Amino acid sequence: MGNAYINRVITGAIVRRQPFGGWNHSSMGPGAKAGGPNYLTMLGSWEEKALPQKLRTPGERISGLVEKLCSELPDCAKRIRSAAGSQAKWWMEEFGVDHDPSRVYGENNIFRYTPVKGILARVENMSDDDVAILLLGAKLCGVLLHLSIGASRPWIQKMHGYYASLSVETEAELIGRMPEALQGVRFLRGTDISEALVNAAHARDVEVLDRPVLANGRVELLGYFREQAVSETVHRYGNLIPPPGSFKTDSV
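My aim in this report is to walk through the structure given alongside it, one point at a time. Just so it is clear, the model here is predicted, and its values are computed rather than measured.

### Some words on the overall build of the protein
At step 1: Check the secondary structure of the protein and you find 7 helices and 10 strands.
At step 2: Looking at the protein as a whole, 44% of its 252 residues are labelled buried.
At step 3: If you take every contact in the protein between residues at least 6 apart in sequence, the share linking residues at least 24 apart comes to 69%.
At step 4: Put simply, the protein shows about 13700 Å² of open surface, and 53% of that area lies on carbon and sulfur atoms.

### Let's talk about helix α3 (residues 128-141)
At step 1: Here α3 is 14 residues long and its end C-alpha atoms lie 20 Å apart, about the 20 Å a rise of 1.5 Å per residue gives.
At step 2: Three or more residues of α3 are buried, namely Asp129, Asp130, Val131, Ala132, Ile133, Leu134, Leu135, Leu136, Gly137, Ala138, Leu140 and Cys141.
At step 3: One or two positions beyond α3, positive phi appears at glycine 142, with a value near 75 degrees.

### Focus on the nonpolar core
At step 1: One finds Leu69, Leu135, Leu145, Trp155 and Tyr224 to be the most contacted residues of the largest nonpolar core, which totals 42 residues.
At step 2: At the level of elements, α1 (60-72), α2 (77-95), β2 (107-115), β3 (118-122), α3, β4 (144-149) and α4 (154-157) are the ones that each hand at least two residues to this core.
At step 3: Considering every element that reaches this core, the biggest residue donor is α3, with 9 residues.
At step 4: Here leucine 69 is in contact with Ile80, Ala132, Leu135, Leu136, Trp155 and Met159, once residues within four sequence places are set aside.
At step 5: In terms of nonpolar packing, the next biggest core, distinct from the first, is built from 9 residues, Leu120, Ile193, Ala201 and Val206 among them.

### With respect to the packing of aromatic side chains
At step 1: Under the criterion given, the structure shown has 5 aromatic pairs.
At step 2: Considering the side-chain rings of phenylalanine 111 and tyrosine 113, the 5.2 Å spacing of their centres and the 85 degrees angle between planes classify their relative orientation as edge-to-face.
At step 3: When its relative accessible area of 5% is taken as the criterion, phenylalanine 111 is described as buried.
At step 4: Site record: aromatic cluster; members linked through ring pairs are Trp91, Phe95, Phe111, Tyr113 and Phe225.
At step 5: A cation over an aromatic ring shows up here: lysine 89 above the ring of tryptophan 90, its NZ or CZ 4.8 Å from the ring centre.
At step 6: The ring of tryptophan 90 carries the charged tip of arginine 218 above its face, separated from the ring centre by 5.8 Å.

### What to know about the pattern of salt bridges
At step 1: Scanning the model with the defined rule gives 14 salt bridges in all.
At step 2: Between glutamate 107 and arginine 8 there is a salt bridge, and its shortest N-O distance comes to 3.9 Å. Linking glutamate 107 in strand β2 with arginine 8 in the loop between β1 (3-6) and α1, this pair joins segments that are 99 residues apart in sequence.
At step 3: Ionic pairing is found between glutamate 220 and arginine 211, a salt bridge with its closest N-O pair at 3.3 Å. In this structure, glutamate 220 and arginine 211 share a single accessibility class: buried.

Thresholds applied
Counting restarts for each chain: residues are numbered from 1 in the order of the written sequence. Local features are withheld for residues below a pLDDT of 70 in this predicted model, meaning they are given only at 70 or higher, and side-chain atom pairs are given and counted only at 80 or more; totals for whole chains, interfaces and linings count all residues. The basis for every side-chain value is the complete set of non-hydrogen atoms in the structure, without hydrogens or water. In this text, helices come from DSSP runs of H or I with a minimum length of four residues, and strands from runs of E with a minimum of two, each type numbered from the N-terminal end. Each residue is assigned to one of three classes by its accessible area relative to the maximum for its type, calculated with a 1.4 Å probe on protein chains only: buried under 20%, partly exposed between the two thresholds, exposed over 50%. By definition, residues are in contact when any of their heavy atoms lie within 4.5 Å. Areas reported here follow the Shrake-Rupley algorithm with a probe of radius 1.4 Å; residue values treat only the protein chains shown as occluding. To estimate the expected span of a helix, count its residues, drop one, and scale the result by 1.5 Å. We define a nonpolar core as any set of buried Ala, Val, Leu, Ile, Met, Phe, Trp, Tyr and Cys residues linked to one another through side-chain atoms lying within 4.5 Å. Planes of paired rings set the category: under 30 degrees apart is stacked, over 60 is edge-to-face and the rest tilted, where pairs are Phe, Tyr or Trp rings (Trp by its six-membered ring) whose centres lie within 6.5 Å. Placement of a charge over a ring requires the Lys NZ or Arg CZ to be within 6 Å of the ring centre, with the centre-to-atom vector within 35 degrees of the ring normal. Basic side-chain nitrogens of Lys or Arg form a salt bridge, by our definition, when they fall within 4 Å of a carboxyl oxygen of Asp or Glu.

Treat this as a map of the structure, not an account of what it does.
Here it is, written out as structure tokens:
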């Protein structure tokens, strides 16, 4: 669910405090919660002018993958390392932590991210470094990544274990087998993607992410998550309710 309310009414959402938006048929496309921190990202387009400079050292979860990718794609190593560092920064500061920016006395308003079940990426016209960034993002966020490609690329096949599946197929074959359970279809804007593929995705209520792959983790990782807001009243008649486990008892 996109919004959950505990011990309070489910109407009267306030900007920032309870950003609003559903996950299923109350939402259209990948979307972002109205009144939330990512809403403005939907109102424009994105392109990469330079590599991100604000980076953090990737943790154990993806450090091995970073080195493996740089070894297989030495000409792309600079962008791969920059993307990994940017993703690590924004995972630690934004996507991997809960937020309560309003900090209302007597009320918890948690904004957080939950990973989508899976992403199906048609990588036929993607560059090698773009595909590498997809692998990094999926591994970091714990998202199942299903790759579909028209012609085999040996280095991708060496990455088995870092994606859920790899299918060498025509676009028509992809349309015929498109899984209904996936929550994202990824392709680059401006590439030769047919209207039939887009229609097949829409027919299965699959979200289509029509933007380029970016090294900037703050924007790129948005495609791997759905947003959730949880609002909880923690007072009763003006008396604050202590959190579970906070009552002091004599030691036994």
